[in-house]
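Below, each chain spelled out in residue letters.
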Amino acid sequence: MARITLENLAHSYLPNPQGEEDFALKELNHDWIDGEAYALLGASGCGKSTLLNIISGLLEPSQGRILFDGQDVTHAPTAERNIAQVFQFPVVYDTMTVRENLAFPLKNRGEDASYVARRVQEIARMIGMEDVLDRRARGLTADAKQKISLGRGMVREDVNALLFDEPLTVIDPHMKWELRTQLKSLHHEFGHTMIYVTHDQTEALTFADKVVVMYDGRVVQIGTPEELFERPAHTFVGYFIGSPGMNVLPATVTGHRATLAGHEVALGRDFGRPEGNVALGVRPEYLRLGAEGLPVTVKRVEDVGRHKIVRAELFGQEISVIAAEDEEIGADQTRVSFDPARINVYANDWRVTPQGQGGA
Ligand code: ADP
Ligand code: MG
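On a predicted model such as this, the values are computed, not experimentally measured, just so you know. (Residues numbered from 1 in each chain as written. Chains lettered and ligands numbered in written order. Predicted model: local features only at pLDDT ≥ 70, side-chain atom pairs only at ≥ 80, totals over all residues. Heavy atoms only, no water.)

What follows deals with the sheet that holds strand S1 (residues 4-11). Read from one edge to the other, the open sheet built from four strands follows the order S2-S1-S4-S5, with strand pairing classed as antiparallel. Because the sheet does not close on itself, it has two edges, and the strands there are strand S2 (25-32) and strand S5 (71-72). Helix H1 (residues 48-56) contacts S1, S2 and strand S4 (63-68) of the sheet and is inclined by roughly 125° relative to S1. (Pairing = 2+ DSSP bridges. Helix = DSSP H or I, 4+ residues; strand = E, 2+ residues; numbered from the N terminus. Contact = heavy atoms within 4.5 Å. Axes fitted to C-alpha atoms, helices over the stretch in contact; angles between N-to-C directions.)

For the rest of this paragraph, the subject is the packing of aromatic side chains. Applying the stated criterion across every chain, the model contains seven aromatic pairs. Taking the centre distance of 4.3 Å and the plane angle of 20° together, the rings of Tyr215 and Phe236 count as stacked. Taken as a pair, Tyr215 in strand S9 (residues 210-215) and Phe236 in helix H9 (residues 235-240) lie far apart in primary sequence, 21 residues in all. Relative accessible area serves as the criterion here: at 11%, Phe236 is assigned to the buried category. Members of the aromatic cluster, joined through ring pairs, are Phe164, Tyr196 and Phe207. The cationic tip of Arg283 hangs over the ring face of Phe229; the distance from NZ or CZ to the ring centre is 4.5 Å. (Phe/Tyr/Trp six-rings, centres within 6.5 Å; stacked < 30°, edge-to-face > 60°. Buried < 20%, exposed > 50% of the residue type's maximum accessible area, 1.4 Å probe, protein only. Lys NZ or Arg CZ within 6 Å of the ring centre and 35° of its normal.)

What follows deals with the site of ligand 1. In the vicinity of ligand 1, the residues found are Tyr13, Ala24, Ala43, Ser44, Gly45, Cys46, Gly47, Lys48, Ser49 and Thr50. In this structure, an oxygen atom belonging to ligand 1 sits 3.1 Å away from a main-chain N or O atom of Gly47. (Near = heavy atom within 4 Å. Polar contact = N/O pair within 3.5 Å; in protein donor to acceptor, adjacent residues only side chain to side chain.)

Mapped onto the present numbering, the UniProt feature "domain: ABC transporter" (unreviewed entry) falls at residues 4-241. The span residues 4-241 is 37% helical and 23% strand by assignment, and the distance between its end C-alpha atoms comes to 26 Å. (UniProt positions renumbered as here; feature names shortened; annotations may be inferred.)

Of the pairings in the sheet, the one linking strand S18 (residues 307-314) to strand S19 (residues 317-324) comprises eight bridges and is antiparallel in character. The residue bridging Lys308 from the neighbouring strand is Ala323, located in S19. Between S18 and S19, which pair antiparallel and follow one another directly, the connecting turn spans two residues, one of which, Phe315, has a positive phi of 45°.

Time to look at the domain arrangement of the protein. Under the domain assignment, the protein is made up of domain 1 (4-230) and domain 2 (243-351). Placing a centre on the C-alpha atoms of domain 1 and another on those of domain 2 gives a separation of 38 Å. At the interface, six residues of domain 1 touch seven residues of domain 2. Summed over both partners, the interface of domain 1 with domain 2 buries about 530 Å², with 43% contributed by carbon and sulfur atoms. Sorting the residues of domain 1 by area buried against domain 2 places Val220, Phe229 and Glu230 first, and these three jointly supply 80% of that buried surface. Put simply, Arg342 and Glu230 hold a salt bridge, and the shortest N to O gap is 2.9 Å. Seen at the junction of domain 1 and domain 2, the total is five residue pairs in polar contact (both at pLDDT 80 or more). Contributions of two or more residues to the side of domain 1 that touches domain 2 are made by strand S10 (218-223) and helix H8 (225-230). Ranked by residues supplied to the side of domain 1 that touches domain 2, first place goes to H8 with three residues. (Domains from an automatic or database assignment. Buried area = accessible area lost by both parts, 1.4 Å probe. Salt bridge = Lys/Arg side-chain N within 4 Å of Asp/Glu carboxyl O.)

Scanning the model with the defined rule gives 19 salt bridges in all. We note a salt bridge from Glu36 to Lys210, for which the minimum N-O separation is 3.6 Å. Residue Glu36 is located in the loop between S2 and strand S3 (37-41), and its partner Lys210 is located in strand S9; the two are separated by 174 residues in the primary sequence. A residue is classified by how much of its surface remains accessible, and Glu36, at 19% relative accessible area, is buried. Look at Lys210 and you get partly exposed, because its relative accessible area is 23%. A salt bridge links Arg119 to Glu122; the nearest nitrogen and oxygen atoms lie 2.7 Å apart. Of the two residues, Arg119 and Glu122 both sit in helix H4 (residues 113-126), three residues apart, roughly one turn of that helix. It is possible to trace a salt-bridge network through shared partners that takes in Arg300, Glu302, Arg311 and Glu318.

A separate point is the packing of helix H3 (residues 98-108) against helix H5 (residues 142-154). Remark: H3 packs on H5, axes separated minimally by 7 Å, with the N-to-C direction vectors making an angle of 30°. When the axis of H3 is compared with that of H5, the two are roughly parallel. In this structure, H3 crosses over H5, and the sense of that crossing is right-handed. Where H3 approaches H5, its residues Val98, Asn101, Leu102, Phe104 and Pro105 are matched on the opposing element by Ile148, Gly151 and Arg152. (Parallel < 35°, antiparallel > 145°, perpendicular 65-115°, else oblique. Left-handed = near helix turned anticlockwise from the far one by under 90°.)

Shown next as structure tokens:
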């Protein structure tokens, strides 16, 4: 296992990149701590696979260095990096049996037969394929083949890191949950450095200790699920994480006060005098309908079981409010109030750090 350091890393698929927009991966500095489980989360096309392939060595970056435990591997081939990678679509040897497929990475490294047999059995149990170990991979469903790919990715205990690139895309929903749980327990058991790529926030938040959020070729925030929820560093993180996402309301801010369409809103902290496009970010969970606050018009109520999502209009803008399952949304709910301590302030989409709170 290893700590993986990215130093001034950037990548463009163009031979002569000009501006920043030509880079699929914008400049990035980051240490992936040894033994942590990370999720790499972002919409399709934001550069997740590009980053993963640079780490594994399938792709050489156009700029910067990659270090494993301080050793420069930027130009080292994949095989020398000692990494297991699982891709979105299955990569299996059709003519081999399931057992042979799972054993392949171990045999390749000359592990002894009794160890191989034992380890293959263990992995087969984890992926639920003990009964089909002697079947040939050809003829198995895509779902089953992907489980073999996952198993092969997990079979070696001595890798520097395990990389998963949206590995559950072709797996049915129930098995998805099961496999994700298995990956998590594998992580607890062996403490591998793991990077798990997904565009699905639920998958990211349930799998990882730390979530790395990417947007348009850039890492916009690295944090625990709680940090991403409470203090999104960028409005994109606010929208992308949470269901529904954070409300972003244009405002002016001075110290402890914000002004929204001429109405004052108290802020729990001192935000100084941010400049540029200033907005308040408030999660639907921290808005409250009632008789106090700013004037709103309720448009629709969606009952999603655990709670209600209320869509309302505030100064011409649609906002979302989460209300309790048993809360009556009636005609007397003409106002919305904010929990001051939970309001974040954004300037040009980036979070403004409140003063005197050590960045919290
Ligand atoms: P993600 O995995 O997040 O969906 P990718 O890393 O695959 O994103 O892609 C990031 C950007 O780089 C996209 O705009 C994509 O079109 C572009 N891209 C990916 N692979 C190549 C390639 N081999 N050649 C040129 N452009 C590419
Ligand atoms: Mg991808």
